[in-house]
Amino acid sequence: MLYFLLKTLFQIALRVFFRRFTVNNRHLLFSEGPLIVVSNHPNTLMDPVVTASLMKQNIYFLAKSSFFKPGIQGWLFHKLFMIPVYRREDVGDSGSAQNDATFAKCYEFLGKGGTLMVFPEGNSFMQRRLRPLKTGTARIGLGAEAQHNFNLGLRIIPVGVNYSDPSRFRSDVFVNVGEPIYVKDFQDAFAQDPFKAAHALTDEIKDRLEALVIHTESDEEDALARQVEAVYQDTLVKELDLAKSEPKERFLITKGILQSIKYFEARQPERVHHLRAELQDYLQHLNSIGLVPQAMREVPKRHEVAWGTVQTIVYLVLGFPVYLFGVIHNYLPYLLPAKIARALTKDIEFHAPMMMTIGMFTFPIFYALIGWAVHAWLGLSGWALVGYLVALPVTGFFVLHYWHRIQVARRHWIFFSLFYRRSTVLHSLLEQRNRLMAALEQARDEFMASFPENNPETKIA
């Protein structure tokens, strides 16, 4: 009952926390057990919540034993179907016997057709990178099948969770579900050498997951890829006639960008170094005057800036009373989750799931208190009270939209200033951007020419 209640609450909270929640191949998660769901692990407790919210059946989770602290936390984790894993770095060599019991419990659960979720990286890192996988998932899968003479029908479903910004409210998440791996396919390898079979299955899981996530080899490579995305991705979306909000296509574009970076890094590292320097200089120039790369994609004409500024001012003036109402009634429950999360831990990987979880309680509690106050003090009741309460979350979302329009107004003012006072700065920026776009277009043409045309990623790149 507790699991079902929390799952329902999290399903609602996820749609509020993320601006866009997109799933590719969701139908592959609707399979009945026995299943092992494996995923990358960039965002601690958010990752199991995101994936489990998409599945109908109850799921057991493997979690590190340090989460199972005495008292209410340990009790809660057991109630939420979590199974402790005793890692050597947490408990030393003494965890081996305890993990035997953990494996036995997993075998029993899978043998009954259950679904198990595992994060084979072992730790969570807020990076666009798949870390080396531990062999525990493969050993559990092979052990469960071996107990049933490889007639259990166990499948491993890889899931790639890709966040646009893991720690930010109203960011995007793209869940990329892959085709299942049939553990029975490793029966012969297991019969010959169980150790090698576990490593072979782990390698297969790794290859499948890397295809489902944005995988960068280093922080430097990731930084360069993000810079190219910021400057060039919208152009590719337009050239390829893709929907601006199509996460799957943008995911493939980013994969192509990374593939091209690796290609030129191996063949022309000096060229990559020069491009990195040019991108950094351009982005720093934009940042110094308060603009983002998307603003320079299509520089508006003077009359467009003037008319856009007038429209935005009218919107801001007329919407200000609604904005003020929304801020007054939503600022405190919005602010508290972030404050509490930062006070509880310095690990940024925990901030987003903590903020979302705390927000699940602060908003309803605060709304209930406001409803009680206006009923008791102002005598508001009936449909008037219902309308008042409904207006609270609605105006909360309006505040976010209003703030976005303020940013638009700010960009219009910056362009207005560039047109009439600092035209040389605007020309310099446009020249920088044109040089960058020409360099990126040339690199793209060379990269695509070097690969067969039937490669789908190079077509997108």
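Residues numbered from 1 in each chain as written. Predicted model: local features only at pLDDT ≥ 70, side-chain atom pairs only at ≥ 80, totals over all residues. Heavy atoms only, no water.

A word on the overall build of the protein chain. The helix and strand tally for the protein chain stands at 16 helices and eight strands. Over its C-alpha atoms, taken along the principal directions, the protein chain stretches across nearly 75 × 75 × 40 Å. When each of the 461 residues of the protein chain is scored for burial, the buried share is 47%. Accessible surface for the protein chain amounts to roughly 24100 Å². Of this, 59% is attributable to carbon and sulfur atoms. Here the protein chain contributes 50 positively and 44 negatively charged side chains, and the mean placements of these two sets differ by 8 Å. (Helix = DSSP H or I, 4+ residues; strand = E, 2+ residues; numbered from the N terminus. Buried < 20%, exposed > 50% of the residue type's maximum accessible area, 1.4 Å probe, protein only. Areas by Shrake-Rupley, 256 points an atom, 1.4 Å probe, with all protein chains shown as cover. Lys, Arg positive; Asp, Glu negative; His and termini not counted. Charge placed at Lys NZ, Arg CZ, Asp CG, Glu CD.)

This structure, assessed with the given rule, holds 15 salt bridges. With its nearest N and O atoms 3.3 Å apart, the salt bridge here joins Glu108 to Lys112. Of the charged contacts in the structure, one is a salt bridge between Arg128 and Glu229, with a shortest N-O distance of 2.9 Å. One end of the pair, Arg128, is in the loop between strand S5 (115-118) and helix H6 (136-146); the other, Glu229, is in helix H9 (residues 219-239), and 101 residues separate them in sequence. Each member of the pair, Arg128 as well as Glu229, is classed as buried. A single salt-bridge network, built from bridges that share partners, covers Arg128, Asp222, Arg226 and Glu229. (Salt bridge = Lys/Arg side-chain N within 4 Å of Asp/Glu carboxyl O.)

Moving on to the packing of helix H10 (residues 247-267) against helix H15 (residues 423-449). Axis separation between H10 and H15 bottoms out at 11 Å; the angle between their running directions is 85 degrees. Classified by the angle between their axes, H10 and H15 sit roughly perpendicular to one another. Packed against H10, whose contacting residues are Gly256, Gln259, Ser260, Tyr263 and Phe264, the element H15 presents Ala443, Glu446 and Phe447 at the interface. Its residues placed into classes, the contact of H10 with H15 shows four nonpolar, three polar and one charged. (Axes fitted to C-alpha atoms, helices over the stretch in contact; angles between N-to-C directions. Parallel < 35°, antiparallel > 145°, perpendicular 65-115°, else oblique. Contact = heavy atoms within 4.5 Å. Nonpolar A, V, L, I, M, F, W, Y, C, P; charged D, E, K, R; others polar.)

All right, on to the environment of Leu133 then. Its location among the elements puts Leu133 in the loop between S5 and H6. Linking Leu133 and Val394, residues 261 residues apart in sequence, is a C-alpha distance of 44 Å. Setting aside its immediate chain neighbours within four residues, Leu133 contacts Pro120, Glu121, Thr202, Ile205, Lys206 and Leu209.

In this section: the nonpolar core. Buried together is how nonpolar side chains tend to be arranged in soluble globular proteins. Ranked by internal contacts, the top residues of the largest apolar core, which has 41 residues, are Phe18, Met46 and Val50. When contributions to this core are tallied by element, the ones reaching two or more residues are helix H1 (2-17), strand S2 (35-39), helix H2 (46-52), strand S3 (60-64), strand S6 (155-163), strand S7 (172-177), helix H12 (302-344) and helix H13 (351-378). Take this core: its biggest share by element is six residues, from H1. Those residues in contact with Val50 that sit more than four places away from it in its chain are Leu14, Phe18, Phe21, Val161, Tyr163 and Val175. Membership of the second largest hydrophobic core comes to 38 residues, among which are Leu236, Ile257, Met437 and Leu440. (Core = buried A, V, L, I, M, F, W, Y, C linked by side-chain atoms within 4.5 Å.)

At their nearest, the axes of H6 and helix H8 (residues 194-212) sit 8 Å apart, and the two run at 120 degrees to each other. The handedness of the crossing between H6 and H8 is right-handed. Judged by residue contacts, Thr137, Ala138, Arg139 and Leu142 of H6 engage Ala197, Ala198, Leu201, Thr202 and Ile205 from H8. In terms of residue class, the contact of H6 with H8 is made up of six nonpolar, two polar and one charged. (Left-handed = near helix turned anticlockwise from the far one by under 90°.)

Our focus in this paragraph is the side chain of Thr312. Note on placement: Thr312 falls in helix H12. With residues near it in sequence (within four places) discarded, Thr312 still touches Arg405, Val408, Ala409 and His412.

Under the counting rule described, the total for this entry stands at 19 aromatic pairs. On the basis of an interplanar angle of 75 degrees and a centroid distance of 6.2 Å, the ring pair of Phe18 and Phe21 is categorised as edge-to-face. In terms of burial, Phe18 and Phe21 fall into one category: buried. A ring pair is formed by Trp372 and Trp377, whose centres lie 6.1 Å apart and whose planes are at 65 degrees; its orientation type is edge-to-face. Trp377 gets classed as exposed once you look at its relative accessible area, which sits at 68%. Joined through ring pairs, the aromatic side chains of Phe17, Phe18, Phe21, Tyr163, Phe169 and Tyr334 make up one cluster. The side chain of Lys56 reaches across the aromatic face of Phe30, ending 5.2 Å from its centre. (Phe/Tyr/Trp six-rings, centres within 6.5 Å; stacked < 30°, edge-to-face > 60°. Lys NZ or Arg CZ within 6 Å of the ring centre and 35° of its normal.)

For Asn176, the location among the structural elements is in strand S7. With a relative accessible area of 5%, Asn176 lands in the buried category. In this structure the side chain of Asn176 is engaged in a polar contact, spanning 2.8 Å, whose partner is the side chain of Asn24. A polar contact of 3.4 Å, which involves the side chain of Asn176, links it to the backbone oxygen of Leu212. (Polar contact = N/O pair within 3.5 Å; in protein donor to acceptor, adjacent residues only side chain to side chain.)

Interpretation note: all reported values are geometric properties and have no functional meaning in isolation.
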